[in-house]
Structure formats: C-alpha cells, structure tokens
Amino acid sequence: MIKITLLSRQVLLPLFFMLTFTLSSTSTALAVVSESKNDSGADNYISDIEADGLYSWGQNKLPLKVYFQPGNNVPAYRTKFKEILISCFDEWSQVSNGQLDWTEVTDPQAADILVSWSDQAVEASQGTEAGKTRTYAHYNQQTNHGKIDRAEMRLLTRLPEREFSESEVKKAYLHEVGHAFGIVGHSTNPNDIMYFAVSKKQGLELTQRDKATLNYLYTPAAI
Ligand SMILES: [Zn+2]
C-alpha cells in the first residue's frame, strides 16, 4: 500500500490515472467512444481537472530525470516503444514554453520519473489499461496546488487479444507523459490527447487545448 504522509496542510498524495482501451463486443473496434457531450469550445480543459487540484513540477527539478526500465525481457516489447516515448517527452517539453525539460538517467534511484513496461493487462471498468501513471505530490489544500515529487509510468506492451498499432502507442504515450508532466485528470473532449481513452478522434499530436492546459499549469499567475 501507499503511505500518505501528513505535513501540516500539505498532503503527499498518490494519484492514479490510467488510460483505457474500450473494446466493442467484437473486439475489432478500438475506443468506441460516444460523441462529445461536453465540448464547450473552451481554450483549455482546466475546468475539467481543477476539482482534483492543479499540479506542476518545480523549476528546481529541471531537467526532469527519466529512467526507462529495460523492456527487453517483457513479452511483446518493441525497441520502437522507447523511441516513441522519447518523442512524446520531447513534444510536451517543446510546447511548454521552456517550463519543462527532461533528460534520461541510467540510475533508477536518481529518477524523478520512472518508466516500466508490462504485458500484464489490467481490466478496468472502462476498458483495458493501456498505461498508468502514478504521481506523488505535496498538495496544498489552501491553494489547491500540488508540487510533484515523483511519477511512475507503467505502459502495456500489448492488449490481451492483439498487439498495439504504432498510432495507438503514440496516443497512449503522449497521454501518459501528459499525466507525468502535471495534467492530473482528463479532458472530456475525445479529440484531446488527455481524454480518458484512446479515441479515433485523436490525432497523433497534442491539441491546442492540451498545450494550453499544460501551459496554464506552469503560468505563475495560475498557481
Ligand atoms: Zn489518463
């Protein structure tokens, strides 16, 4: 179990967010999602996530140190997975207006973000978990803001019934890096990478709303 440490008004919170695959009854269609019910046309989706608190890494942590656990021994792992994941870290960093940066480390003890792969699928109520990111943060209940201490990402190497396509991997990894970088919560718009499930409506890149939401979290006035 995870310990919760109370530090006056700060709470060390383990937050769990997973990306799910929703399969149809024939298991051939991926991410059967309903039409957007809640597309307000807003520039970002802070209103969707702020109830759970707004989180960010402190500038003193940069560049964030990322350790990739070798996936060679994990069934269905492809070397391409790490390449795609690196591109996802880069893409989020590039849209952060210099507020985020990362570097790979070879010592897991030195890592801020720990990445591992697994072929053990977990079935959740909304589908198969394609990825799961746990974020540990000190949360200030007065400001509704949390400073992230550490994140752990667990990425699935294959679905129970088939392998992932490369585009699914890209969408899933972009999504999990979004969590690891501070977007703790989900967009309600299936076009956004931070929608809770992999969706056919998502492109292979971040939407303007994804970018604006991240940047809001790293705007000093917001916190
Ligand atoms: Zn998620």
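It should be emphasised that the depicted structure is a prediction, and the values quoted were computed from it without experimental measurement.

Some words on the overall build of the protein chain
Of regular secondary structure, the protein chain possesses 4 helices and 9 strands. When the helices and strands of the protein chain are listed from N to C terminus, the series reads β-β-α-β-β-α-β-β-β-β-β-α-α. Considering only contacts within the protein chain whose residues lie at least 6 apart along the sequence, 76% involve residues at least 24 apart. Here the protein chain displays about 10,500 Å² of accessible surface, and carbon together with sulfur accounts for 49% of that area.

Here we look at the coordination of the zinc ion
Within the protein, the zinc ion binds to His-175 (NE2), His-179 (NE2) and His-186 (NE2); these donor distances fall in the range 2.0 to 2.1 Å. Along the chain, the residues that donate to the zinc ion are spaced as H-x3-H-x6-H. Taking the relative accessible area as the measure of exposure, His-179 reaches 1% and is therefore buried. Judged by relative accessible area, His-186 falls into the buried class, the value being 18%.

A closer look at the environment of Met-153
Inspection of the secondary structure puts Met-153 in strand E9 (residues 145-156). Met-153 gets classed as buried once you look at its relative accessible area, which sits at 2%. Sequence separation between Met-153 and Arg-134 is 19 residues; the distance between their C-alpha atoms is 6.5 Å. Not counting chain neighbours up to four residues away, the residues in contact with Met-153 comprise Leu-85, Phe-89, Ile-113, Leu-114, Val-115, Ser-116, Lys-132, Thr-133, Glu-176, Val-177 and Ala-180.

Quick word on the pattern of salt bridges
Following the criterion strictly, the structure yields 11 salt bridges and no others. Lys-65 serves as the salt-bridge partner of Asp-112, at 3.5 Å between the closest nitrogen and oxygen. Remark: Lys-65 occurs in strand E4 (residues 64-68) and Asp-112 occurs in the loop between strand E5 (102-104) and strand E6 (113-118); sequence separation between them is 47 residues. We classify Lys-65 as partly exposed; its relative accessible area is 29%. As a salt-bridge pair, Arg-150 and Glu-152 come within 2.5 Å of each other at their nearest N and O atoms. Through salt bridges with shared partners, a single network forms among Lys-61, Lys-65 and Asp-112.

Basis of the calculations
- Residues numbered from 1 in each chain as written.
- Predicted model: local features only at pLDDT ≥ 70, side-chain atom pairs only at ≥ 80, totals over all residues.
- Heavy atoms only, no water.
- Helix = DSSP H or I, 4+ residues; strand = E, 2+ residues; numbered from the N terminus.
- Contact = heavy atoms within 4.5 Å.
- Areas by Shrake-Rupley, 256 points an atom, 1.4 Å probe, with all protein chains shown as cover.
- Donors = N, O, S within 2.8 Å, 3.2 Å for Na, K, Ca; no water.
- Buried < 20%, exposed > 50% of the residue type's maximum accessible area, 1.4 Å probe, protein only.
- Salt bridge = Lys/Arg side-chain N within 4 Å of Asp/Glu carboxyl O.

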